[in-house]
Amino acid sequence: MADIRILLNDRSVGDLKPPGSGQYRARDTQLKGFHVVVGRRTKVFAVQGDLRKDGKRVASVSVRIGDATTMSTREARATAKTYLAQISNGEHPNPKAADTQASGEEIIQSPGEAAQGPDQNMTPKGVTLRQAWERYRDAHLIRKGRSEGTIEGYRDHVERLFKDWLELPLQELADDPGKVIARHDEITAEHGPYIANGSMRTLRAIYNHARKAHRSLPPDNPASVVDWNSEERRNTAMGLDDLPHWFQQAAALPNPIRREFHLFSLLSGCRPTALMEAKPKHLNLRRRVLHIPRPKGGADRAFDIPLSRQMILCLMRVIRFARHFYPAEANDWLFPADSDSGHLAEQKEDRDVLAKWGNDLRQTFRTLATPAGVSEFDARLLMNHAIPGVNAGYISRHKLLEDHLRAQQQAISSTMFGALRDLIGTDHPVRSWLGERATQQAIEAARREASTELPTLPPGK
C-alpha cells in the first residue's frame, strides 16, 4: 500500500486502516519527517531525517517514538520535534545507537536503504532512568514551580542513590523488579528506613511519568513491589517545660544569625528550607507579614506568615547582624551566610549543642499551639497546611490574616516566652539575647540601617 500524507491527530491516526500486506506510512502534512508506520497489527509513531556531516548526508535516521494506539499524537509530536532538532544539528537522538544497527528505540539506515518496519527492526530498548529523570524534573517539577529544596531532594535520590542506574533502561527494572527490591534493602541498611522509602517514592513517580510518553513500559511499577519500611510519625516536639533548656542552648550559639534563624523557625513553625530563602523584599513591616513565595508544593502554595511582636524583634536583630557580618549578602537574603548561594544553606546543629532544630521546631510550634488556645484549624492555616473537607475551598486565608491569624500567632509566641520569665528576668545569657535592653538596642540599630521604616510596636501588640 502506498504512503499517504495527512494531518496527524488522534482522530486521523485512529482512522488509519491496516494494509492487506506489508506496511505503509502516513506522513504528517505539518511537521516534515513525522509519520506513523502502519502495519497489519501495529501503528507506530516515528520520525525520519538525514544525518549530515560536513554538509554531506551520511545516514537516513529513523527513530521510533512510541505505540500510536496508546500514545497521544500531541505527545508524539512534541517528542518528534525534539528528535528532529537533534538530527538537524548532526546529532543522533541516541549517541550510543549511532555506531550500531537497531540499538535502543532507534534505527540507523544507510542512504538509500529501505526501512524494514517496526515489527522487524524496531526492538525497543526504552527510555533510561537519566532521560526519564530529566524529563520529570523539567516537565513536572520545574514547570509546576516546585521549590529548589524539593527538586534537590529528588536529585539526591536519583543521582546519588541510583547513580549506577542512570543509563539503565526503565524496561530492565520493570522486567526484573528484584533489582529494585535489593536496592531498597541496601539503602535501608546503609541510610535508614525513611531515606529508603523516600528514594522508592521518587523512582515510582519518575516511572509513572515516563510511562505517559512510553506506553511500551509495563503498567506495573517496579517500585511498587518493595516491602515498605514501617514509618512512624516522628515525635520530637518540645513541651513548655523543655523550652528554658533549649533557649539556654540557643543563646550559647556563637553565630547570631543561626541563633535567630532557629528562634524564628520555632516562633513561625515554617519549614526550614523555605525560611532559608526568605529575602528582605518579602518582609512587609507595615502589614507585619513575611511572604513565603515558594514553599513546599510550589508557587501555588505561596502564603504570608503573620508576625507576632517577638517575631518582629527577632527579624530586627537578624537584620542588624546580617548588615554587620554580611553587608553584600544582606541586600538579598534575610538569613545570609558564607555559602555558594549567599544564604543559610545548612541548619543542622550538633544535638549536644542544640537539641532541637529544623522540623523538630515545626512540631513544637504545632504542639504548643494547643496550650496557647489556638484551634487545630487556625494552626493549620498558620503552618500553611492543606485544609481537609469540602468547605476548604470557601475559606479566604488572606481575609483572616490581618487580625484573627495575627492574634493567634501572638498567642503562641506569648505562650512560648511565658515559659522563660525566670530566665529573662535574671542575669542570664538568655536575657542578654532577648532582654528588653538588648532587643531595643538591636531595633534602634536596625532602624538606622534598614531602608524600610520600622513600625513602633506598643507592648503586647
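Everything numeric in this text was worked out from a predicted model, so none of it was measured.

Enquirer: What am I meant to see in the packing of aromatic side chains here?
Expert: The description of an aromatic ring pair uses the distance of the two centres, along with the angle that the planes make with each other. The full count for this structure, using the stated rule, is six aromatic pairs. Ring centres of Phe247 and Phe417 lie 5.8 Å apart, and the angle between their planes is 75 degrees; this geometry places the pair in the edge-to-face category. Highlighted residues: Phe247 in helix α9 (residues 243–251) and Phe417 in helix α15 (residues 397–418), separated in sequence by 170 residues. Judged by centre distance (5.3 Å) and plane angle (85 degrees), the rings of Phe261 and Phe335 are edge-to-face.

Enquirer: Just checking my understanding: could you explain helix α8 (residues 193–213) for this structure?
Expert: Residues spaced three or four apart along an α-helix face the same direction, because each turn holds 3.6 residues. If you check α8, its first and last C-alpha atoms are 32 Å apart, about what 21 residues at 1.5 Å a residue would give, namely 30 Å. Among the residues making up α8, those that are buried are Ala196, Asn197, Gly198, Ser199, Met200, Thr202, Leu203, Ile206, Tyr207, His209 and Ala210.

Enquirer: What is the right way to read the confidence of the model for the chain from this model?
Expert: The predicted coordinates should not be examined in detail at positions where pLDDT is low. Overall, the predicted model of the chain reaches an average pLDDT of 81, with 79% of residues at or above 70. The secondary structure element of the chain with the lowest average pLDDT is helix α3 (residues 118–121), at 37, and the one with the highest is helix α10 (residues 256–268), at 94. Taken together, the stretch residues 95–124 has pLDDT below 50 and engages in 64 contacts with residues farther than four places along the chain or on a different chain. Counting contacts from residues 450–461, a segment whose pLDDT is below 50, to residues more than four positions away or on other chains yields 20 contacts.

Enquirer: What should I look at first to understand the pairing of strand β9 (residues 303–306) in this one?
Expert: The two faces of a sheet get side chains in turn, since along a regular strand they alternate between them. Judged by which residues are buried, β9 turns out to be covered on both faces: Phe303 and Ile305 on one side and Asp304 and Pro306 on the other are all buried. Where strand β8 (residues 289–292) lies against β9, four bridges are found, and the strand directions are antiparallel. Directly across from Ile292, in β9, lies its bridge partner Phe303.

Enquirer: Mind showing me how you'd approach empty space enclosed by the protein here?
Expert: The rolling of a water-molecule-sized probe over the atoms marks out the regions of remaining empty space. In this structure the tally under the stated criterion is two cavities of 30 Å³ or more. Empty space within the largest cavity amounts to approximately 60 Å³. Residue lining of the largest cavity: Gly269, Cys270, Arg271, Ala274, Ile292, Pro295, Phe303, Arg362, Met383 and Asn384, and that is the complete set. When its residues are assigned to classes, the lining of the largest cavity shows six nonpolar, two polar and two charged.

Enquirer: When you look at unusual backbone geometry in this model, what are you seeing that I'm missing?
Expert: Most peptide bonds take the trans configuration, and most residues that are not glycine carry a negative phi. Despite not being glycine, Arg288 shows a phi value in the positive range, around 60 degrees. Note on placement: Arg288 falls in the loop between β7 (283–284) and β8. By relative accessible area, Arg288 is classed as buried at 16%.

Enquirer: Looking at this model, I keep getting lost on the pattern of salt bridges. Mind explaining?
Expert: Pairs can form between side chains of opposite charge whenever their charged atoms are close. In total, this model carries 14 salt bridges according to the counting rule given. With its nearest N and O atoms 2.6 Å apart, the salt bridge here joins Asp360 to Arg351. Residue class for Asp360 comes out buried when judged on its relative accessible area of 8%. With relative accessibility at 41%, the residue Arg351 sits in the partly exposed group. Via salt bridges that share partners, Asp164, Arg183 and Glu186 belong to a single interconnected network.

Enquirer: Is there a simple way to think about the sheet that holds β7 in this case?
Expert: Strand pairing in a sheet is mediated by backbone hydrogen bonds. Such pairs are either parallel or antiparallel. Pairing in this open sheet of three strands is antiparallel, and the strands run β7-β8-β9 from one edge to the other. Strands with a single pairing partner mark the edges of an open sheet, and in this sheet they are β7 and β9.

Enquirer: Looking at this structure, I do not really get the packing of helix α4 (residues 129–142) against helix α5 (residues 148–161). What am I missing?
Expert: Packed helix pairs are specified by the crossing angle of their axes together with the interaxial distance, meaning the distance between the axes. Direction vectors running N to C along α4 and α5 enclose 170 degrees, while the axes themselves pass 12 Å from each other. When the interaxial angle is binned, α4 and α5 end up roughly antiparallel. Here Trp133, Tyr136, Arg137, Leu141 and Ile142 of α4 come into contact with α5, specifically with Ile151, Tyr154, Arg155, Val158 and Glu159. Its residues placed into classes, the contact of α4 with α5 shows seven nonpolar, no polar and three charged.

Criteria and cut-off values
Residues take numbers from 1 onward in each chain, read along the sequence in its written order. Note on the predicted model: pLDDT of at least 70 is required for a residue's local features to be given, and 80 or more for side-chain atom pairs to be given and counted; whole-chain, interface and lining totals, by contrast, use all residues. Side-chain metrics rest on all non-hydrogen atoms present in the structure, leaving aside hydrogens and water. In this scheme Phe, Tyr and Trp rings, the latter by its six-membered ring, pair at centre separations within 6.5 Å, and the angle between planes marks the pair as stacked below 30 degrees, edge-to-face above 60, and tilted otherwise. Only DSSP runs of H or I reaching four residues or more are called helices, and only runs of E reaching two or more are called strands; each is numbered from the N terminus. Expected helix span is taken as 1.5 Å per residue step, with the number of steps being one fewer than the number of residues. Burial here depends on accessible area, computed with a 1.4 Å probe over protein chains only, as a share of the maximum for the residue type. Under 20% is buried, over 50% is exposed, and the range in between is partly exposed. The pLDDT score gives, residue by residue, the confidence of the prediction method on a 0 to 100 scale. Contacts are residue-level and defined by heavy atoms, with any inter-residue pair within 4.5 Å sufficient. Only strands joined by at least two bridges in the DSSP assignment are considered to pair. The rule is simple: put a 1 Å grid over the protein atoms alone, call a set of points where a 1.4 Å probe fits but cannot get out a cavity, call an open set with protein on both sides within 12 Å along at least five of seven lines a pocket, and count a residue as lining if it has an atom within 4 Å of a point. Grid points are joined across faces, edges and corners, and a volume is the space filled by probe spheres set on the points. Charged means Asp, Glu, Lys or Arg here, nonpolar means Ala, Val, Leu, Ile, Met, Phe, Trp, Tyr, Cys or Pro, and polar covers whatever is left, Gly included. What counts as a salt bridge is simple: a side-chain nitrogen of Lys or Arg found within 4 Å of a carboxyl oxygen of Asp or Glu. Where helices are involved, their axes are fitted lines through C-alpha atoms of the stretch in contact, as for all axes, and angles between N-to-C directions lie from 0 to 180°. In what follows, roughly perpendicular refers to angles from 65 to 115 degrees, roughly parallel to angles under 35, roughly antiparallel to angles over 145, and oblique to any angle outside these ranges.

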